[in-house]
Amino acid sequence: MKQLRLRSVMVLCLVAFLLLGTAFFCGRYVADGAQWASSRVNASAYSGTRLTRGALYDRNGTLLYDAARDSYATDKTLRTAALHLTGDHEGNIGQSALNAVSRHMVGFSPITGLSSGTGHGVYLTIDADLQSLAYQCLKGQKGAAVVYDYKTGEILCAASTPTFDPLSPPGGMETNDAYEGVYLNRVFSGLFAPGSTFKLVTTVAAIEKIPDLMERSFTCTGTLELDGRKITCPHKHGEMDFAAALAHSCNCAFAQLAVELGGETLQDYAEQLGLLDAFSVSDLTTAAGKFEIAESEGDLGWSGVGQHKDMVSPIAMLRFMGAAANGGTALTPRFFLKEMGDFGTPVPTLDGKTSEKLLEPSTAETLYQLMLNNVEVEYGVIFKGLIAGAKSGTAEVGEGKSPHSWFVGFISDEDVPLAFTVVVQNGGSGLANAGAIADKLVAQASKLYRTEEAPAS
């Protein structure tokens, strides 16, 4: 009898373990089944390293890439412009939407398994025409141009150059300087010296740490010596208040503020504003920025104006601009819009909207007004018909090399909630080069809102 009881207990334990194991597997299957199905070892979804199911479209249904047929957009300009989002045949571009949304393209359901067709259609948030324009505006220069809706987080264009036509890759790219870093998605993974755009970080720190900031007067003679190092401005700015110092982008004034604030404070604010940490954009991990606390006052002064060893990614700066325009709360940029299954039926997915408070509302309002003032008093006729806030940057990157050209900002219009970042490597003047590109992109992007309803989230 005791032996029978013992055997019964053992059987019950085995049954319990079996049920627990089955429940655990079913839970993992529901949670991770799509990831398993899109694994590169799945011969039903991959041929070698190439995905063979699903397709990518822009927000309006323009084909970007058909994995089932291994075909790209019919328009060469669009194919080239969207390469870093669609990815290439060999999978050299790791930070691409093709890799990030492959589990949606495969078309997996926990109930039916793989779809009976050739996979699912994934719609990205980008607009094909705006994406092509961004590529054309960069004119073969190395750089990045990205625009997003700071109310929804939707990226409307994200161009990275240099690039190439995936149907006709040029030979000798490995040895041609024009294609240096061609597989790097500069929007998400590029790191650049920010130049004077970093003065916005110093501004935020000064707003919160220096009570009499707006009552202060600064005098610029064109040079300032700090600990034996010269801080220089392009010319003498004379006497000015803080708003004018930011509008004129006075290095001397901001170097003084950087020393007063201290390196640890600047580092804390760069981190608080999301410029130093990696984050996820539709399952792509961005590059983390860099800020090294300077040991001398001279280096700290340069650090406060975006030089020294400061490094920032375009997408992180874009999110910061979204927060400045949106009361301090940043919608995380995203490029995944929706998934369509067999017979064109929508597949329920998570909304994808995430947000983070980067600024106190009062600080955001002050920064917002200062950036509006920049455009009004310094940048001249730009963003015609729109009220905008912006900051240019011209980042020195070494003797004999032209500086990086930056232009970042936002549109102050509830009906046209756009933020933008443009950076051109060795592009020279921030306003003349990156600013001109931003102007064209915003003009085109605003038509998406002015001629029809705002892009749906």
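Here the structure is a predicted model, which means the values were calculated and not measured.

About the thresholds
Residues numbered from 1 in each chain as written. Predicted model: local features only at pLDDT ≥ 70, side-chain atom pairs only at ≥ 80, totals over all residues. Heavy atoms only, no water. Salt bridge = Lys/Arg side-chain N within 4 Å of Asp/Glu carboxyl O. Buried < 20%, exposed > 50% of the residue type's maximum accessible area, 1.4 Å probe, protein only. Helix = DSSP H or I, 4+ residues; strand = E, 2+ residues; numbered from the N terminus. Pairing = 2+ DSSP bridges. Axes fitted to C-alpha atoms, helices over the stretch in contact; angles between N-to-C directions. Contact = heavy atoms within 4.5 Å. Parallel < 35°, antiparallel > 145°, perpendicular 65-115°, else oblique. Left-handed = near helix turned anticlockwise from the far one by under 90°. Nonpolar A, V, L, I, M, F, W, Y, C, P; charged D, E, K, R; others polar. Phe/Tyr/Trp six-rings, centres within 6.5 Å; stacked < 30°, edge-to-face > 60°. Lys NZ or Arg CZ within 6 Å of the ring centre and 35° of its normal. Disulfide = S-S within 2.5 Å. Expected span 1.5 Å × (residues − 1).

Peer 1: Mind laying out the pattern of salt bridges, listing which residues take part and the relevant values?
Peer 2: With the rule as written, the count across this model stands at 13 salt bridges. Linking Arg 69 and Asp 66 is a salt bridge whose minimum nitrogen-to-oxygen distance equals 2.8 Å. On the basis of relative accessibility, which here comes to 61%, the residue Arg 69 falls in the exposed class. Note that Glu 292 and Lys 309 form a salt bridge whose closest N and O atoms lie 3.2 Å from each other. One end of the pair, Glu 292, is in the loop between β16 (284-285) and α12 (297-304); the other, Lys 309, is in the loop between α12 and α13 (314-325), with 17 residues separating them in the sequence.

Peer 1: Describe in detail the sheet that holds strand β9 (residues 143-149), supporting the description with residues and values.
Peer 2: Paired through backbone hydrogen bonds, the strands of a sheet run either parallel or antiparallel to each other. Pairing is antiparallel across the open sheet formed by five strands, whose spatial order is β10-β9-β22-β21-β20. The outermost strands of the open sheet, each flanked by one partner alone, are β10 (155-161) and β20 (388-395). Within the sheet, the average angular offset between the axes of one strand and its neighbour, ignoring direction, is 5 degrees. As paired strands, β9 and strand β22 (residues 418-424) are joined by seven bridges and run antiparallel to one another. Note on β22: the bridge partner recorded for Val 146 is Thr 421. Contacts between helix α14 (residues 361-377) and the sheet are confined to β20 and β21 (404-411), with β20 contributing the most and set at about 75 degrees to the helix. Sitting on the sheet, helix α15 (residues 430-450) is in contact with β9, β10, β20, β21 and β22, with an inclination near 145 degrees to β22.

Peer 1: If you had to explain the packing of helix α8 (residues 199-209) against α14 to someone new, which residues and values would you point to?
Peer 2: Between α8 and α14, the least distance of the axes is 10 Å, while the angle of their chain directions is 130 degrees. When the axis of α8 is compared with that of α14, the two are oblique. Every pair of crossing elements has a handedness; the one defined by α8 and α14 is right-handed. Facing Leu 200, Thr 203, Val 204, Ile 207 and Glu 208 of α8, the residues of α14 in contact are Thr 363, Thr 366, Leu 367, Leu 370 and Met 371. In the contact of α8 with α14, the residues fall into six nonpolar, three polar and one charged.

Peer 1: Could you give an account of the packing of aromatic side chains, with specific residues and numbers?
Peer 2: Inspection of every chain in the model, using the stated rule, returns 13 aromatic pairs. Ring centres of Tyr 57 and Tyr 123 lie 5.0 Å apart, and the angle between their planes is 20 degrees; on these two criteria the pair is classed as stacked. Taken together, the positions of Tyr 57 in strand β3 (residues 55-57) and Tyr 123 in strand β8 (residues 121-124) put the pair 66 residues apart, joining distant regions of the chain. With 6.2 Å between their ring centres and 10 degrees between their planes, Phe 407 and Phe 420 make a pair best called stacked. Taken together, the positions of Phe 407 in strand β21 and Phe 420 in strand β22 put the pair 13 residues apart, joining distant regions of the chain. For the pair Phe 407 and Phe 420, one class covers both residues: buried. Among the aromatic residues, those joined into a ring-pair cluster are Tyr 379, Phe 383, Phe 407 and Phe 420. Sitting over the face of the ring of Phe 279, Arg 319 holds its NZ or CZ atom 3.8 Å from the ring centroid.

Peer 1: Requested: an account of unusual backbone geometry, with residues and values cited.
Peer 2: The step from Thr 161 to Pro 162 runs through a cis peptide bond, and the omega angle for that step is 10 degrees. Among the secondary structure elements, Pro 162 is positioned in the loop between β10 and α7 (186-189). Positive phi values are uncommon outside glycine, yet Asp 283 reaches one of about 75 degrees. Position of Asp 283 relative to the elements: it lies in the loop between β15 (280-281) and β16. Classification of Asp 283 by relative accessible area gives partly exposed; the value is 47%. The phi dihedral of His 308 falls on the positive side, at around 55 degrees, and the residue is not glycine. In this structure, His 308 sits in the loop between α12 and α13.

Peer 1: Summarise the state of the cysteines; cite the residues concerned and give the values.
Peer 2: Taken as a whole and assessed by the stated rule, the structure comprises zero disulfides. Note on Cys 157: no disulfide assigned, nearest cysteine sulfur contributed by Cys 137 at a separation of 9.1 Å. Of all cysteine sulfurs in the structure, the one in Cys 220 sits closest to Cys 250, which takes part in no disulfide; the separation is 3.7 Å.

Peer 1: How would you summarise the sheet that holds β3 if you had to cite specific residues and measurements?
Peer 2: In spatial order, the strands read β5-β4-β3-β8-β18; together these five strands make up an open sheet with mixed pairing. Two strands lie at the open edges of the sheet, namely β5 (71-72) and β18 (336-340), each paired on one side alone. Bridge count for strand β4 (residues 63-66) against β5 is two bridges, and the pairing is antiparallel. If you follow Asp 66 over to β5, its bridge partner there is Ser 71.

Peer 1: If you had to explain α14 to someone new, which residues and values would you point to?
Peer 2: Between the first and last C-alpha of α14 there are 24 Å, a value that for 17 residues agrees with the 24 Å anticipated at 1.5 Å per step. When we look at burial in α14, the residues that qualify are Thr 363, Ala 364, Leu 367, Tyr 368, Leu 370, Met 371, Leu 372, Asn 374 and Val 375. Buried residues along α14 sit in contact with α8, α9 (242-247), α13, β20 and β21.

Peer 1: Can you break down the pairing of β22 residue by residue, with the values?
Peer 2: Counting buried positions over the seven residues of β22 gives seven, a clear majority of the element. Here β22 shows two buried faces, one formed by Leu 418, Phe 420, Val 422 and Val 424 and the other by Ala 419, Thr 421 and Val 423. In terms of strand pairing, β21 meets β22 through six bridges, oriented antiparallel. Bridge assignment links Ser 405 to a residue of β22, and that residue is Val 424. In textbook terms, the turn of a hairpin is the stretch between consecutive antiparallel strands, and for β21 and β22 this stretch comprises six residues.

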